[in-house]
Amino acid sequence: QSKAKLQDAEKVNTTFEDVAGLEGAKTELQEIVGFLKNPNQFDSLGGEIPKGLLMVGPPGTGKTLLARAVAGEARVPFFTITGSDFMEMFVGVGAKRVRDMFNKAKEKAPSIIFIDEIDSIGRKRGAGLGGGHDEREQTLNQLLAELDGFEPNEGVVVMAATNRPDILDKALLRPGRFDRQITVHLPTQEHREEILEIHAKNKKLSDDIDLGEIARSTPGFSGADLQNLLNEAALIAARYKRKAVEQQDIDQARDKVMMGLKREGIRLS
Ligand code: ATP
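Calculation notes
Residues numbered from 1 in each chain as written. Predicted model: local features only at pLDDT ≥ 70, side-chain atom pairs only at ≥ 80, totals over all residues. Heavy atoms only, no water. Helix = DSSP H or I, 4+ residues; strand = E, 2+ residues; numbered from the N terminus. Buried < 20%, exposed > 50% of the residue type's maximum accessible area, 1.4 Å probe, protein only. Areas by Shrake-Rupley, 256 points an atom, 1.4 Å probe, with all protein chains shown as cover. Axes fitted to C-alpha atoms, helices over the stretch in contact; angles between N-to-C directions. Parallel < 35°, antiparallel > 145°, perpendicular 65-115°, else oblique. Left-handed = near helix turned anticlockwise from the far one by under 90°. Contact = heavy atoms within 4.5 Å. Nonpolar A, V, L, I, M, F, W, Y, C, P; charged D, E, K, R; others polar. Near = heavy atom within 4 Å. Polar contact = N/O pair within 3.5 Å; in protein donor to acceptor, adjacent residues only side chain to side chain. 1 Å grid on protein atoms, 1.4 Å probe; cavity = no way out; pocket = protein on both sides within 12 Å on 5 of 7 lines; lining within 4 Å. Sits in = over half its atoms within 2 Å of the grid points. Core = buried A, V, L, I, M, F, W, Y, C linked by side-chain atoms within 4.5 Å. Pairing = 2+ DSSP bridges.

Novice: What exactly am I supposed to notice about the overall build of the chain here?
Specialist: Along its length, the chain carries 10 helices and five strands. The 269 residues of the chain split such that 46% are buried. For the chain, the exposed area adds up to about 13500 Å²; of that, 48% sits on carbon and sulfur atoms.

Structure (structure tokens):
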């Protein structure tokens, strides 16, 4: 039940500095930040602003982080929903929730709506499964109606994330809806090092730890995996009552994260 409740807008402090790599995505999103900071000026210059941006990429690669950074950079309220939250709802509740969120976002405009896991509401319609399916379809129809029902100059930008763009209902991708795609990739070795630097800031690491070396030994890791690795290492170090995280803690944590990835059958061969 708590999941069905409309969350208030969040004030976020994330900036592009918190995001390592993804330069192409950041450059594209700068334009959106500029718009959100000053929607009226943008409008008078005749710039065309997308209503909906679809961020596409593997899990844990920073899609949510980027959306939050846009809100933080532009200092606008951030409304968020997760597609899978709708799965447990009664018929009609999801659609109402979508409608309420757009109304709130328009009231507080300029603002951002972020829809994580959009594939769980945005899958192709008419698969004829019945049951919870009706609810999903109603929610998707409401989302389409809301996207069509405001003008870009109202100052609401809708960002959505998925790692399954192939299963999305094509109606979502039409002009005036999610017609702009931003692709995010797994980090390169260089960017893995930058991500580790960001997440090492609030950790106590022994002086001999070489983040470049960790970056070299973690091909296929996402940003989320790297964050996880440092957290695990800190927990292991605490268990041994160490004063700082040591290389052996990092090694143990890396093995643990790798095991998890292998079990899920993703990325690492
Ligand atoms: P999902 O598809 O699982 O929702 P996502 O792409 O939205 O994943 P995020 O939630 O943005 O991934 O990333 C998870 C965490 O991983 C972030 O909170 C951040 O701490 C870290 N992270 C991921 N990518 C980066 C990056 N490029 N720079 C810094 N941190 C990152």
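Novice: Quick question: what am I supposed to make of the packing of helix α9 (residues 223-239) against helix α10 (residues 247-263) here?
Specialist: Viewed as axis vectors pointing N to C, α9 and α10 meet at an angle of 130°, and their least axial separation amounts to 8 Å. Between α9 and α10, the interaxial angle falls into the category oblique. The two elements α9 and α10 meet at a crossing, and its hand is right-handed. In this structure, α9 uses Asp 225, Asn 228, Leu 229, Leu 230, Glu 232, Ala 233, Ile 236 and Ala 237 to contact α10, whose residues at the interface are Asp 249, Ile 250, Gln 252, Ala 253, Arg 254, Lys 256, Val 257 and Leu 261. Each residue belonging to the contact of α9 with α10 can be placed in one class, and the counts come to nine nonpolar, two polar and five charged.

Novice: What's the story with the packing of helix α7 (residues 189-200) against α9 in this structure? I'm lost.
Specialist: Between two packed helices, both the angle of their axes relative to each other and the distance between the axes serve to describe the pair. Running from N to C, α7 and α9 cross one another at 45°; their axes reach a closest spacing of 9 Å. As the angle between them shows, α7 and α9 are arranged oblique. At the point where α7 passes α9, the crossing takes the right-handed sense. Where α7 approaches α9, its residues Arg 192, Ile 195, Leu 196, His 199 and Ala 200 are matched on the opposing element by Gly 223, Leu 226, Gln 227 and Leu 230. Split by residue class, the contact of α7 with α9 holds five nonpolar, three polar and one charged.

Novice: Would you explain the site of the ligand in this entry?
Specialist: Surveying the vicinity of the ligand reveals 17 residues, the closest of which are Ala 20, Gly 60, Lys 63, Thr 64 and Gln 227. Asp 116 has a polar side-chain atom sitting 3.5 Å from an oxygen atom of the ligand. Between the ligand and His 199, the relevant distance is 3.2 Å, taken from a nitrogen atom to a side-chain nitrogen or oxygen of the residue. Relative to its unbound accessible surface of 630 Å², the ligand loses 80% to contact with the protein. Among the detected pockets, the ligand sits in the largest pocket. Counting residues per element, the ones that place at least two in the shell around the ligand are α3 (63-74), α7 and α9. When the residues that make up the shell around the ligand are grouped by side-chain class, the tally is seven nonpolar, seven polar and three charged.

Novice: Could you clarify how one ought to interpret the environment of Gly 83 in this entry?
Specialist: Topologically, Gly 83 is positioned in the loop between β2 (78-82) and α4 (93-107). Every residue in contact with Gly 83, bar those within four places of it in the chain, is listed here: Asp 116, Glu 117, Ser 120 and Ile 121.

Novice: What is the right way to read the nonpolar core from this model?
Specialist: In terms of nonpolar packing, the biggest core is built from 28 residues, with Leu 29, Leu 36, Leu 66, Val 70, Ile 112 and Met 159 touching the most fellow members. Broken down by secondary-structure element, the contributors of at least two residues to this core are α1 (23-37), β1 (52-56), α3, β3 (111-116) and β4 (156-162). With residues near it in sequence (within four places) discarded, Leu 29 still touches Phe 16, Leu 53, Leu 66, Val 70, Met 159 and Ile 182. Among the nonpolar cores identified, the runner-up in size contains 25 residues, and Val 98, Leu 140, Ala 160 and Ala 171 belong to it.

Novice: Looking at this structure, I do not really get unusual backbone geometry. What am I missing?
Specialist: With omega at -5°, the peptide bond leading from Ala 109 into Pro 110 counts as cis. Within the chain, Leu 22 stands out as a residue other than glycine whose phi angle is a positive 50°. Within the secondary structure, Leu 22 is located in the segment before α1.

Novice: Can you help me understand the pairing of β4 in this one?
Specialist: On a regular strand, each side chain points to the face opposite its neighbour's, so the side chains alternate between the two faces of the sheet. The buried count for β4 comes to seven of seven residues, which makes it a mostly enclosed element. Burial along β4 is two-sided: the residues Val 156, Val 158, Ala 160 and Thr 162 and Val 157, Met 159 and Ala 161 are all buried. The sheet contact formed by β1 and β4 spans five bridges and is parallel. Within the sheet, the bridge partner assigned to Val 56 lies in β4 and is Thr 162. Where β3 meets β4, five bridges bridge the pair, whose relative direction is parallel. Of the residues in β4, the one forming a bridge with Ser 111 is Val 156.

The quantities given are spatial measurements derived from coordinates; they are silent on function.
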